[in-house]
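Topology and contacts: notes
The chain contents come next:
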Amino acid sequence: MPRVLLIEDDPGVRDALRMGLELEGYEVLEAGSGAEGLRKLVQEPEVVVLDVLLPGGDGFGVLKEIRQHSTVPVLMLTALDEVEYRVKGLRGGADDYLVKPYALSELVARLEALLRRASRDQEMLCYADVALFPGRMEARRGERVLELSPKAFLLLKTFLEHPERLLPKESLMQRVWGEEVEPNTLEVHLSALRRALGEPPLLHTLRGHGYILRR
């Protein structure tokens, strides 16, 4: 049951949204003000629905506070349809924006999309002390962030999907480029990946056979 934090000052709107979301299978945490919503962040909602117009400060300020503490997906609700407000929210860290009036079905569909995206962002492939986050295009060895080109990132992803398995050159080319490329092209990117990974080496060459990720 996904947990959503609903920050909306209008009791009638809040009650209607709570009932609708609960019928859709959500656990709803309610907050009638930005301050109350910020306090309820400690309950670790999986997504936040935030009204732009709130008493004691606008939703943009609340969004700024949320982003100082959390990367939780935030969908903003507003009656302000001007482009400048949508841009302000998105640039301030909102993940989506829905203009009132809206259908509950659209709100639910957008929440589902945000939750799917968040789930992908949290996916992790790991081997030894190497971790790769496909959704964030981020890779680390220990605490060190690896600076990788897009092709080197895909190579590392392929090795992490098949740890301790021999991968022929042709297989790597197909997975990363979608076709066979010049052997030197593959070698250049493998060398860059080895340098980025550093010591002790994890990527090994088996002459005449291919490559393997192992300790």
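Residues numbered from 1 in each chain as written. Predicted model: local features only at pLDDT ≥ 70, side-chain atom pairs only at ≥ 80, totals over all residues. Heavy atoms only, no water.

Describing the overall build of the chain
Each helix and strand in the chain was counted, giving eight helices and 11 strands. Taking 17 Å as the expected radius of gyration for a compact globule of 215 residues, we find that the chain reaches 23 Å, considerably beyond that expectation. By principal-axis analysis of the C-alpha atoms, the chain measures approximately 70 × 35 × 30 Å. By the burial criterion, 38% of the 215 residues in the chain qualify as buried. Considering only intrachain contacts with a sequence separation of at least 6, the fraction spanning at least 24 residues in the chain is 53%. Accessible area of the chain: about 11,700 Å², with a carbon and sulfur share of 50%. Taking the average location of the 29 positive side-chain charges in the chain and that of its 35 negative ones, the two points are 7 Å from each other. (Helix = DSSP H or I, 4+ residues; strand = E, 2+ residues; numbered from the N terminus. Rg over C-alpha atoms; globule rule 2.2 N^0.38 Å. Buried < 20%, exposed > 50% of the residue type's maximum accessible area, 1.4 Å probe, protein only. Contact = heavy atoms within 4.5 Å. Areas by Shrake-Rupley, 256 points an atom, 1.4 Å probe, with all protein chains shown as cover. Lys, Arg positive; Asp, Glu negative; His and termini not counted. Charge placed at Lys NZ, Arg CZ, Asp CG, Glu CD.)

So, the sheet that holds strand S7 (residues 130–133)
Spatial strand order, S6-S7-S8-S9: four strands in an open sheet with antiparallel pairing. In this open sheet, the two edge strands, each paired with only one partner strand, are strand S6 (125–127) and strand S9 (144–145). Here four bridges tie S7 to strand S8 (residues 138–141), and the two strands are oriented antiparallel to one another. When the bridges of S8 are listed, leucine 132 appears paired with alanine 139. In the packing of helix H6 (residues 150–161) onto the sheet, contacts are made with S6, S7 and S8, and the angle to S7 comes to roughly 115 degrees. (Pairing = 2+ DSSP bridges. Axes fitted to C-alpha atoms, helices over the stretch in contact; angles between N-to-C directions.)

Comments concerning helix H7 (residues 169–176)
When H7 is considered as a whole, its buried residues turn out to be Leu172, Met173 and Val176. The buried residues of H7 occupy one face: seen down the axis, they fall within an arc of 100 degrees. In the segment just after H7, glycine 178 is the residue with positive phi, at about 80 degrees. (Arc of directions from axis to C-beta.)

Notes on the packing of H6 against helix H8 (residues 183–197)
To characterise two packed helices, one gives the angle between the axes of the helices and the distance between these axes. Put simply, H6 and H8 touch, their axes get as near as 9 Å, and they point 75 degrees apart. Judged on the interaxial angle alone, H8 and H6 are roughly perpendicular. Contact residues: Lys151, Ala152, Leu155, Leu156 and Phe159 in H6; Leu186, His189, Leu190, Leu193 and Leu197 in H8. Residue composition of the contact of H6 with H8, grouped by class: eight nonpolar, one polar and one charged. (Parallel < 35°, antiparallel > 145°, perpendicular 65-115°, else oblique. Nonpolar A, V, L, I, M, F, W, Y, C, P; charged D, E, K, R; others polar.)

Here we look at the UniProt feature "modified residue: 4-aspartylphosphate" (unreviewed entry) in the chain
Annotation from UniProt places "modified residue: 4-aspartylphosphate" (unreviewed entry) at Asp51. Within the fold, aspartate 51 resides in strand S3 (residues 47–51). Overall, aspartate 51 belongs to the buried group, its relative accessible area being 4%. Aspartate 51 has contacts with Ile7, Glu8, Asp9, Gly59, Leu77, Thr78 and Lys100, leaving out every residue within four places of it along the chain. (UniProt positions renumbered as here; feature names shortened; annotations may be inferred.)

Things to note about H6
In this model, H6 (12 residues) spans 16 Å end to end at C-alpha, consistent with the 16 Å of a helix rising 1.5 Å per residue. For H6, the full list of buried residues reads Ala152, Phe153, Leu155, Leu156, Thr158, Phe159 and Leu160. (Expected span 1.5 Å × (residues − 1).)

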